[in-house]
Amino acid sequence: MTQLQVAIREKRDLGYRRYGGMMSLVELARELKKDEVNAREWARERGIGTRDGRRIKYETDMVMKAIVLERGMV
């Protein structure tokens, strides 16, 4: 495995322990250290989000992968 793959897996596993498989907007904002408006915009720009009834949930593995790639955590 490459360093990038290891970093993504570690971040994803940490996210699953904290949030489970799906994250709410509040959890996404907390993870990104942004307010809810900017967190929603961040997710929209990256195409992350699944409608669950009236709410939009965010898949933990997609969020964590985007964070690792964006922050260059390798």
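Residues numbered from 1 in each chain as written. Predicted model: local features only at pLDDT ≥ 70, side-chain atom pairs only at ≥ 80, totals over all residues. Heavy atoms only, no water.

## Things to note about the nonpolar core
Then comes step 1: Formed by 15 residues in total, the largest nonpolar core has its most connected members in Met23, Leu28, Trp42, Ile48, Tyr58 and Val63.
Then comes step 2: Sorting the residues of this core by element identifies α2 (25-32), α3 (36-46) and α4 (60-71) as the ones contributing at least two each.
Then comes step 3: Ignoring anything within four residues of it in the chain, the contact list for Met23 reads Leu28, Glu31, Lys57, Tyr58, Thr60, Val63 and Met64. (Core = buried A, V, L, I, M, F, W, Y, C linked by side-chain atoms within 4.5 Å. Buried < 20%, exposed > 50% of the residue type's maximum accessible area, 1.4 Å probe, protein only. Helix = DSSP H or I, 4+ residues; strand = E, 2+ residues; numbered from the N terminus. Contact = heavy atoms within 4.5 Å.)

## Let's talk about the packing of α2 against α3
Then comes step 1: As a packed pair, α2 and α3 sit with axes 9 Å apart at the nearest point and diverge in direction by 90 degrees. It follows that α2 is roughly perpendicular to α3 by the angle criterion. Contact residues: α2 offers Leu25, Val26, Leu28, Ala29 and Leu32, while α3 offers Glu36, Ala39, Arg40, Trp42 and Ala43.
Then comes step 2: Split into classes, the residues belonging to the contact of α2 with α3 amount to eight nonpolar, no polar and two charged. (Axes fitted to C-alpha atoms, helices over the stretch in contact; angles between N-to-C directions. Parallel < 35°, antiparallel > 145°, perpendicular 65-115°, else oblique. Nonpolar A, V, L, I, M, F, W, Y, C, P; charged D, E, K, R; others polar.)

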